[in-house]
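The primary structure of each chain is shown beneath.
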Amino acid sequence: MSQPQAAVGAAVPRVDARLRVTGQAKYAADNSPDGVVHAVIVDSSVGRGRVTGIDARAAEAQAGVVKVISHLNAPKLPHREPGFPPGEALRPFQDDRVRFFGQPVAVVVATTLETAQHAASLVKVSYDARPPSTDLGAADPADDPETYARGDADRALESADVTLDLAYRMARNHHNPMEPAGTVARWDGDRLTLWEKTQHVQGTVETMAAEFGMSPDKIRVISPAVGGAFGSGGRTWVHTSIAALAAREVKRPVKLVLTRRQTYFGVGYRPAYEYDLRLGSDRRGRLTASVHDVRTESSRYERHSEDVLAAGRMLYSTPHVRQVYGHVPLDVNTPTWMRGPGYSSGAFCVETAMDELAHELGLDPIELRLRNEPSDDESSGLPFSTRRLRDCYRAGAREFGWHRRNPEPRSTRDGDWLIGMGMAAGVYDTARSEAQASVRLDADGTALVQSATSDMGPGTATSMTQVAADALGLTMRQITFRLGDSDLPLAPGHHGSRTMASVGSAVQDGCDKLRRQAITLAVQDEDSPLHGVDPADVAVRGGRLFVKDDPTRGETYRRLLARNDRSHLEALGSYAGAPESERFSFYAYAATFAEVAVDARLGLVRVRRMVGVYDAARIINPRLADSQAIGAMTGGIGQALLEHTVTDHRDGRIVNANLADYLVPTHADMPEMKAIYIEGEDFEADPIGVKGLGEIVIVGVAPAIANAVFNATGRRIRHLPITAEALL
């Protein structure tokens, strides 16, 4: 009997690789419908106040300028139902208020991009400016913090044998994907088409329907390729509304692409945090209590929350926990999710605190963590579906050579360089959402699988094709996976590491249904070699249906459909998402190990090597997984050592809103990296046994580096990024 197919689990290359590397993949701004004109936003040059005047005469006098739109002449958008979009999301040109530096105050539409850019520079805006509040450390939080408590943390801390009182500060980070945010908007009567950079085409439909008071079925959003996003495309921003509004006003398609500078105040960011942490333990290292007091920046007109406190509630067994999460309203644009949102920020604090406690107690950092492994999720009382964190520690320590680490700080040198090793654990929620996928098997033996999901880089089309290939018994070359179109079946946003579990389960369901259709058709067909066979005894491989115990007895999909005069078979797969009441606690886990070298005289930090070990259940494609892990380690280096948004608090201007001054890791910063995946599946989580991978791979990277820096230098840095100045 022939061996079963194994597309799932194989390290196959991306099915769309050639399109992407040859420039044939079409991104949002690559679309130029007939008659398209170009839009350029005029940004506010003050951080708070009101617009008192707009003089657009010089701009309008330029040849090729179609229109200048501002609050003075923009149509009033219909009343929007409260609660969607969340908060009071910014709406274009509806009043004269300036809420943050860089807020759009006008848009110039012209026949060429160059004309629009020049005309935008000629628009004169006057303001009644007020001093903005943009400094997280100088402002007060709102009076309605989010809180969590179990036990009596304050009393437990008073009686703890060992206590640590730590203050952490984390800078704001920006996403900086290669493809800037952009939109092409076209109206056909009362129907709107958007070619959009987005991680959620159907979410954009819902937002724009609410924005313009339209029925969602009159809006189509197309986004088959996304040039990186890291969370910045997870919601719909005001520039999309501006493009649609402008297109409706000038009655022509409008293309609007943010400049690199504009992305710094146009599409959100990872917010800055102030995180005070008190930790208590007994002398054996068993945690007794923790108190977390967090303050984070948010815009004054809208609130952004993320799970920064989750790790402090459930990663380690701690009987007494108290947490306060305060939002500080500032005159800034709204933050958003950035890779590993909340968890990566919280992990820096929790995991460096654990390293500090281990040093205080004279324990190995891994041993301390093992002594505090919980038997279940103490924040929910639920058992873990799987928790292979111990396996992650063991595999990582073995691969990394952790036994060679000298626990005495500043004890290992390589010439002028101080050498240190550090590690950290990581955790990320296993999210699952409702999804659908349509499957069509054509008479030529090829299949088309479709869902409205997105692909911002992880290789969605490839992994979904692998699932479909095994379920249908076809080769990957016989399957086409279409995505990124709101007209396709329902899919959740491509963020929060939910796509594989959600859409993949829908693909599996649809392909299973179609395969069973074909088998039923065959066993009921008197002319089929499979007539009368029990359907349970029929397998499909290589496009051929056959009896499991007699592979010579069978026929191909093509022959079956042709004989029955069927042009195709089709099915709709679905997945219901996570139930309202969970029976288990679902998380993915990581253990990250880093070796750094620190110049003893200059304080420069270089990451020499990293190993990441992940408990992410079933791995669909190790090659794609490695790409995710290496990319995340690189991003974590940026978070730990480089990335820092600088704001001039006098007017709210972002000083380093460009890639020359906002530092991100380059190839020269990338050390030797290796990713390891703990074998296992989690069929309690979803029908295909996976957990999300794209977020967990960055959680724990920054604290592993920070802990290695301490081991190298003896200096405990509690601010991110870790700069040379902090180490001198």
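Looking only at helices and strands, one finds 17 helices and 30 strands in the protein chain. Taken against the 2.2 N^0.38 rule, which gives 27 Å for 728 residues, the C-alpha radius of gyration of the protein chain at 27 Å falls within 12% of a compact globule. Across its three principal directions, the C-alpha atoms of the protein chain cover 80 × 75 × 50 Å. Scored against the burial criterion, the 728 residues of the protein chain give a buried share of 60%. Sequence separation of 24 or more characterises 81% of the internal contacts of the protein chain that already satisfy a separation of 6 or more. Summing over all exposed atoms, the protein chain offers an accessible surface of approximately 28,600 Å²; the carbon and sulfur share of this is 48%.

A few words on the nonpolar core. In this structure, Leu192, Leu472, Val507 and Leu545 are the most contacted members of the largest nonpolar core, which totals 94 residues. Considering every element that reaches this core, the biggest residue donor is helix H13 (residues 499–524), with 12 residues. Not counting residues up to four positions away in its chain, the partners in contact with Leu545 are Ala518, Ile519, Ala522, Leu530, Val538, Ala539, Val540, Arg553, Gly554, Glu555, Thr556 and Tyr557. By size, the runner-up hydrophobic cluster in this structure holds 92 residues, among which are Tyr589, Tyr614, Val709 and Ile717.

Turning next to the pattern of salt bridges. Across all of its chains, the model carries 51 salt bridges by this definition. A salt bridge links Arg20 to Asp16, with the shortest nitrogen-to-oxygen separation between them at 2.9 Å. A relative accessible area of 22% means that Arg20 is categorised as partly exposed. Since its relative accessible area comes to 12%, Asp16 is described here as buried. When the shortest N-O distance is used, the salt bridge between Asp648 and Arg650 registers 2.7 Å. By relative accessible area, which is 70% here, Arg650 ends up exposed.

Turning our attention to the sheet that holds strand E21 (residues 538–541). With antiparallel pairing, three strands are arranged side by side in an open sheet as E21-E22-E23. Lying at the two open borders of the sheet, with one neighbouring strand each, are E21 and strand E23 (550–556). Pairwise comparison of adjacent strand axes, ignoring direction, gives a mean angle of 35 degrees for this sheet. Across four bridges, the pairing between E21 and strand E22 (residues 544–547) is antiparallel. By the bridge assignment for E22, Val540 is matched with Leu545.

Here Tyr428 shows up in strand E17 (residues 417–429). Tyr428 sits 121 residues away from Asp307 along the chain, and the two C-alpha atoms are 9.4 Å apart. When neighbours within four sequence positions are excluded, Tyr428 is seen to be in contact with Gly340, Pro341, Tyr343, Gly496, Tyr587, Ala588, Glu695, Ile696 and Val699.

Below, the discussion takes up a negative patch on the surface. Residues Asp534, Asp537, Asp549 and Asp550 make up a contiguous surface patch of negative charge. Secondary-structure assignment places Asp549 in the loop between E22 and E23.

Let us now look at the packing of helix H9 (residues 343–361) against helix H16 (residues 701–713). Helices that pack against each other are described as a pair by the angle of their axes relative to one another and the distance between those axes. Closest axis-to-axis distance for the H9/H16 pair is 8 Å, and the angle between their directions is 30 degrees. Of the possible angle classes, the one that applies to H9 and H16 is roughly parallel. For the pair H9 and H16, the crossing hand works out as right-handed. Between H9 and H16, the residues in contact are Ala347, Phe348, Glu351, Thr352, Asp355 and His359 and Ala702, Pro703, Ala706, Asn707 and Phe710, respectively. Among the residues forming the contact of H9 with H16, the class breakdown is six nonpolar, three polar and two charged.

Rules behind the numbers
- Residues numbered from 1 in each chain as written.
- Predicted model: local features only at pLDDT ≥ 70, side-chain atom pairs only at ≥ 80, totals over all residues.
- Heavy atoms only, no water.
- Helix = DSSP H or I, 4+ residues; strand = E, 2+ residues; numbered from the N terminus.
- Rg over C-alpha atoms; globule rule 2.2 N^0.38 Å.
- Buried < 20%, exposed > 50% of the residue type's maximum accessible area, 1.4 Å probe, protein only.
- Contact = heavy atoms within 4.5 Å.
- Areas by Shrake-Rupley, 256 points an atom, 1.4 Å probe, with all protein chains shown as cover.
- Core = buried A, V, L, I, M, F, W, Y, C linked by side-chain atoms within 4.5 Å.
- Salt bridge = Lys/Arg side-chain N within 4 Å of Asp/Glu carboxyl O.
- Pairing = 2+ DSSP bridges.
- Axes fitted to C-alpha atoms, helices over the stretch in contact; angles between N-to-C directions.
- Patch = residues over 30% accessible without salt bridge, like charges linked within 9 Å, V, L, I, M, F, W, Y side chains within 5 Å.
- Lys, Arg positive; Asp, Glu negative; His and termini not counted.
- Charge placed at Lys NZ, Arg CZ, Asp CG, Glu CD.
- Parallel < 35°, antiparallel > 145°, perpendicular 65-115°, else oblique.
- Left-handed = near helix turned anticlockwise from the far one by under 90°.
- Nonpolar A, V, L, I, M, F, W, Y, C, P; charged D, E, K, R; others polar.

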